[in-house]
Each structure stands twice: as structure tokens, then as C-alpha cells.
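What follows is the residue order along each chain.
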Amino acid sequence: VAAFIIIALLATLIGKLTAPKYDLTLTYVGYTEFMDSYIESPQKGLSVDCPDTNKNGESLLNLSVFSFPEDESIDPEYTMAMLTKLTLTIGEEEAYIYVVEKDFLDNYMLSESNHSSFAKVSDWCNMPVAPDKTLEYGGNAVAVSLDENDMLRKAGVPTDNTYLLVRYAPRKDQKEQENAYKSAVEYANTILGY
């Protein structure tokens, strides 16, 4: 038993030490399905322009995918579990940048409590955006159109009828919070070509 516990602790420690140290997380949410093996390629491509937030000399982006199949034969419990996981991600985790398909976003924003989840475009975007290129929820423009976005399209991330959002999430460490948010804003503007 003691040997098993020691091996388990060592395996956990080695896993933590060798795990990638991501600078940012970009979260894709929509109905386009990604195979797990397919995520690696766009993640690599998008890491090239990712800021080195943790200052370890390496730019590394984590592409997190929440794919909701439109097929009605899919188990509704699976969909509910994914929605719960997404809600927790938006509320607690360190994901700041979201690429979301419009149909899903419209459904998500039906709940007024979700309107304040994302920053206003005017608070993070470096350039004025035409009103027809934004989506407004709760009286604020919070999403910018990614239709024909070259950077994401070349990386293999769906962009048709898809929007970019930025979430501001306070953390306990104020300096860490500010650095992560600034990096997210910088990268969001890079995606938009600003």
C-alpha cells in the first residue's frame, strides 16, 4: 500500500512538472465538432502570435473546445453536462478569450444573468468596430464578428457566423490578474488584426 501511494504521488508530481505552461486559453464554443487529435494543429498555429504571459520564454496557447452537436439523437444529459462545464469555465477558470458561434451565443444570452459575463467591446478593442460587425446583449456590444478572419481560418478554427468575446475575471493576485487580462486583450486585438 505504501509503495502504491508513493508511486501515485510521484506520478502526480511528474505530471505537474512536465505539464505545458500555457500563457492563454482561447475557448471555442459552437456546433462544429473537433476531434481531439485535430485540436493540436490549430493550437500550435495560434501559439505563434500568443504573448508570453508567464515570461518563461515560450509562447503557448491552450485551445479549449466546447462542441455541442446539433443532432437531436445526442444524449441530452451530455449536452447539459457540457453546458455546466462551460458555465463553470466562464465563471471561474482562467479563460479570457472566447470564439463563439452566433446561434449558441444567442441561446446562451437568453439568460440575462449571462450578459455581464463578457467585457464591452469598447473596453478592450483597440479600434472602433462598425455596429453591423458587433452583437449587443443587455444594451452593450460584447462580441465582434470573425467572419473571414484570416488568422483563425488559417489555423483551422471555424469563423463563419462566429464572434470574438473577452471576459474579465478577477483573481486573488491583483498583479497576476492584470497581466493575464492585458495579455488576453493584446491577443484578442491580434486576432482581429489590430
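Residues numbered from 1 in each chain as written. Predicted model: local features only at pLDDT ≥ 70, side-chain atom pairs only at ≥ 80, totals over all residues. Heavy atoms only, no water.

Caption draft 1: Inspection of the nonpolar core at higher detail. Residues I97, W124, L164, Y187 and I191 are the most contacted members of the largest nonpolar core, which totals 31 residues. At the level of elements, β1 (24-30), α2 (36-47), β2 (61-67), β3 (97-101), α5 (121-124), α6 (150-155), β6 (162-166) and α7 (174-192) are the ones that each hand at least two residues to this core. Setting aside chain neighbours within four positions, we find L164 in contact with I97, Y98, V99, W124, V142, A143, V144, L146, A188, I191 and L192. Listed in part, the 21 residues of the second largest apolar core include V100, L105, Y108 and M109. (Core = buried A, V, L, I, M, F, W, Y, C linked by side-chain atoms within 4.5 Å. Buried < 20%, exposed > 50% of the residue type's maximum accessible area, 1.4 Å probe, protein only. Helix = DSSP H or I, 4+ residues; strand = E, 2+ residues; numbered from the N terminus. Contact = heavy atoms within 4.5 Å.)

Caption draft 2: Local environment of α7. The terminal C-alpha atoms of α7 lie 27 Å apart, and with 19 residues this matches the ideal 27 Å at 1.5 Å per residue to within 8%. Regarding α7, the residues found buried are Q177, A180, Y181, S183, A184, V185, Y187, A188, N189, I191 and L192. A positive backbone phi angle near 85° is found at G193, which sits one or two residues after α7. (Expected span 1.5 Å × (residues − 1).)

Caption draft 3: Expanded view of the packing of aromatic side chains. Taken as a whole and judged by the stated rule, the model has five aromatic pairs. Look at F68 and F104: their rings are 4.8 Å apart centre to centre, the planes differ by 25°, and that puts the pair in the stacked class. Here F104 lies in helix α4 (residues 102-108) and F68 lies in the loop between β2 and α3 (76-92), a separation of 36 residues in the sequence. For the pair formed by F68 and F104, the shared burial category is buried. Here the aromatic rings of Y98 and F118 are separated by 5.4 Å at their centres, their planes lie at 75°, and the arrangement is edge-to-face. Here Y98 is found in strand β3, whereas its partner F118 is found in the loop between α4 and α5, with 20 residues between them in sequence. With a relative accessible area of 1%, Y98 lands in the buried category. Linked through ring pairs, Y31, F68, F104 and Y108 together constitute an aromatic cluster. Over the aromatic face of Y96 sits the side chain of R167, whose NZ or CZ is 5.5 Å from the ring centroid. (Phe/Tyr/Trp six-rings, centres within 6.5 Å; stacked < 30°, edge-to-face > 60°. Lys NZ or Arg CZ within 6 Å of the ring centre and 35° of its normal.)

Caption draft 4: Representation of the pattern of salt bridges. Going through the model one piece at a time under the given rule, you end up with two salt bridges. Put simply, K102 and D106 hold a salt bridge, and the shortest N to O gap is 2.6 Å. Taken as a pair, K102 and D106 lie in helix α4 at a separation of four residues, close to a single helical turn. Since its relative accessible area comes to 24%, K102 is described here as partly exposed. Between D150 and R153 there is a salt bridge, and its shortest N-O distance comes to 2.5 Å. One end of the pair, D150, and the other, R153, are both in helix α6, three residues apart, so they sit about a helical turn from each other. Note on D150: relative accessible area 42%, which makes it partly exposed. Residue classification places R153 among the partly exposed residues on the basis of a relative accessible area of 45%. (Salt bridge = Lys/Arg side-chain N within 4 Å of Asp/Glu carboxyl O.)

Caption draft 5: Representation of the sheet that holds strand β4 (residues 134-137). Across the sheet, which stays open at both edges, the six strands sit in the order β2-β1-β3-β6-β5-β4 with mixed pairing between neighbours. In this open sheet, the two strands that pair with only one neighbour each are β2 and β4. For this sheet the average axis-to-axis angle between neighbouring strands, irrespective of direction, equals 30°. Pairing geometry for β1 and β2, over seven bridges, is parallel. Bridge assignment links T25 to a residue of β2, and that residue is N62. (Pairing = 2+ DSSP bridges. Axes fitted to C-alpha atoms, helices over the stretch in contact; angles between N-to-C directions.)

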